[in-house]
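Report on the structure
Single-letter residue listing:
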Amino acid sequence: MSTLPFPAAADSPIGRADAAAKERARVRRGLALGLLGVALFAVTPVATRLAVGDAAAPQLSPLFVTAGRAAVAGLLAALTLLLTRAPRPPREARGALMVTLAGVVFGFPLGLALALREVEAVHASVVTGVLPLATAVVGALLLRQRASRGFWACGALAAALVVAYAVVRGGGHWRAADGWLLFAMASAAIGYVQGARLSQQMSPERVIGWVLVMALPVTLPLAAWAAWHSPIAWAEVRALAWAGFAYVAVVSMWLGFFAWYRALALGGTLRVSQVQALQPFISMLVAVPLLGESIDGATLGFALAVGLVVWIGRRMPVGAARR
């Protein structure tokens with residue numbers, strides 16, 4: 001940092017060095033928060049599996065988990081916004097808030113919950129490994145960036161690997177659960193990018209807070225309806241299922257986004273989304289002790305292959321936005 005008694009000019013060598021140092025510090029904070037967000041989100045498939053159970057021993061319904069987690073998080077967000085006297089979002093931001101709402105409140109949780117009733121969390125972890133590249137692809141499209149052919153080739157290869165894994169694990173057939181997982185990934189990618197763009201205008205806490213509050217008129221009655229029509233008696237729901245529901249409601253649906261949207265805003269969507277490549281492996285490590293699932297050679301091999309393609313794809317050139 002400069003020791004001069006007056007500020008260095010922005011275009012001077014000292015000014016440029018200070019600006020570069022601040023930018024590096026900003027990126028480091030973004031990557032650190034991104035890693036924290038990824039670690040929190042990595043537990044989501046495991047917690048969701050605990051909440052919904054499996055086909056042989058179902059627990060909470062996927063619809064109740066989807067609406068209920070958003071309703072609980074929405075009430076917490078409403079209280080926080082009220083206590084902090086947060087201003088209402090600007091009118092021009094409401095369209096983007098609605099798109100974010102559709103992706104992270106409904107699309108991703110519902111797709112994941114429906115899939116995890118039929119497949120193991122380890123299986124879902126491999127498919128979710130394509131999320132970093134999906135986020136980058138959505139970012140490139142929405143921001144009208146000039147992505148290289150190598151970037152798009154990696155995106156296509158990663159998608160092909162995920163489809164191949166799903167077909168192999170399905171005994172040569174495509175299963176509906178894998179379609180729900182891909183739907184969840186697309187929804188999450190759209191919600192992440194739109195949320196990151198909004199975090200440039202308002203704090204991440206306000207972004208996810210207003211998204212959840214705007215969804216309350218739907219999530220609260222929908223959660224109540226799903227609870228009333230529960231397929232099993234409430235007394236039969238295991239304590240672990242409630243623990244999983246509590247995690248996805250408080251951490252996955254609310255607190256995790258504080259770190260994630262702040263990370264994307266600080267470090268940039270394309271750069272920070274690279275740390276998502278670690279998410280499937282963290283999910284696998286958590287699924288083994290908590291769910292008693294196993295990781296075979298094919299699953300690990302596909303996960304590594306997807307991770308490698310994502311890592312390469314994230315390093316392919318992506319130019320500035322088109323005018």
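Given the structure is predicted, the values throughout are model-derived calculations rather than measurements.

Let us now look at the overall build of the protein chain. The number of helices and strands found in the protein chain is 13 helices and 2 strands. Scaling as 2.2 N^0.38, a compact globule of 323 residues should have a C-alpha radius of gyration of about 20 Å, and the protein chain matches this with 21 Å. The principal-axis extent of the C-alpha atoms belonging to the protein chain is close to 70 × 50 × 35 Å. In the protein chain, which comprises 323 residues, the proportion classed as buried is 50%. Put simply, 87% of the contacts in the protein chain that link residues at least 6 apart link residues at least 24 apart. Carbon and sulfur atoms form 68% of the exposed surface of the protein chain, whose accessible area is close to 14,800 Å².

The next point concerns the pattern of salt bridges. Taken as a whole and assessed by the stated rule, the structure comprises 3 salt bridges. As a salt-bridge pair, Asp296 and Arg169 come within 2.8 Å of each other at their nearest N and O atoms. You can see Asp296 sitting in the loop between α12 (279–291) and α13 (297–313) and its partner Arg169 sitting in helix α7 (residues 149–169), a full 127 residues away along the chain. Take Arg169: its relative accessible area is 34%, and that puts it in the partly exposed class. Taking the shortest distance from any N to any O, the salt bridge between Arg262 and Glu205 comes out at 3.9 Å. In this pair, Arg262 is assigned in helix α10 (residues 239–267) and Glu205 in helix α9 (residues 204–228), connecting sequence segments 57 residues apart.

Another point: the packing of helix α2 (residues 44–52) against helix α3 (residues 62–83). Where α2 contacts α3, the two axes come as close as 9 Å, and the packing angle between them is 125°. One element, α2, and the other, α3, form an angle in the oblique class. In this structure, the crossing between α2 and α3 has a hand that is right-handed. Facing Thr44, Thr48, Ala51 and Val52 of α2, the residues of α3 in contact are Pro62, Val65 and Arg69.

This part takes up unusual backbone geometry. Although it is not a glycine, Arg85 sits at a positive phi angle of roughly 50°. Considering the arrangement of structural elements, one finds Arg85 in the loop between α3 and α4 (94–116).

This paragraph deals with empty space enclosed by the protein. Under the defined criterion, the tally for this structure stands at 1 cavity of 30 Å³ or more. In this model, the largest cavity occupies a volume close to 100 Å³. Lining the largest cavity, in full, are Phe41, Thr44, Pro45, Arg69, Val104, Phe108, Thr128, Ala188, Tyr192, Ser252, Phe257 and Gln279. Split into classes, the residues belonging to the lining of the largest cavity amount to 7 nonpolar, 4 polar and 1 charged.

Attention now moves to the layout of surface pockets. Volume-wise, the second largest pocket comes out at about 180 Å³. The wall of the second largest pocket is formed by Arg49, Leu50, Gly53, Asp54, Ala57, Glu120, Arg238, Leu240, Leu291 and Glu293. Partitioned by chemical class, the residues of the lining of the second largest pocket number 4 nonpolar, 1 polar and 5 charged.

At their nearest, the axes of α3 and α10 sit 9 Å apart, and the two run at 50° to each other. The angle between α3 and α10 falls in the class oblique. Handedness of the crossing formed by α3 with α10: right-handed. Of the residues in α10, those in contact with Phe64, Val65, Gly68, Arg69, Ala70, Val72, Ala73, Leu76, Ala77 and Thr80 of α3 are Trp242, Phe245, Val248, Ala249, Val250, Ser252, Met253 and Trp254. Residue composition of the contact of α3 with α10, by class: 14 nonpolar, 3 polar and 1 charged.

Parameters at a glance
- Residues numbered from 1 in each chain as written.
- Predicted model: local features only at pLDDT ≥ 70, side-chain atom pairs only at ≥ 80, totals over all residues.
- Heavy atoms only, no water.
- Helix = DSSP H or I, 4+ residues; strand = E, 2+ residues; numbered from the N terminus.
- Rg over C-alpha atoms; globule rule 2.2 N^0.38 Å.
- Buried < 20%, exposed > 50% of the residue type's maximum accessible area, 1.4 Å probe, protein only.
- Contact = heavy atoms within 4.5 Å.
- Areas by Shrake-Rupley, 256 points an atom, 1.4 Å probe, with all protein chains shown as cover.
- Salt bridge = Lys/Arg side-chain N within 4 Å of Asp/Glu carboxyl O.
- Axes fitted to C-alpha atoms, helices over the stretch in contact; angles between N-to-C directions.
- Parallel < 35°, antiparallel > 145°, perpendicular 65-115°, else oblique.
- Left-handed = near helix turned anticlockwise from the far one by under 90°.
- 1 Å grid on protein atoms, 1.4 Å probe; cavity = no way out; pocket = protein on both sides within 12 Å on 5 of 7 lines; lining within 4 Å.
- Points joined across faces, edges and corners; volume = space filled by probe spheres on them.
- Nonpolar A, V, L, I, M, F, W, Y, C, P; charged D, E, K, R; others polar.

Everything listed is a geometric property; what it means functionally is a separate question.
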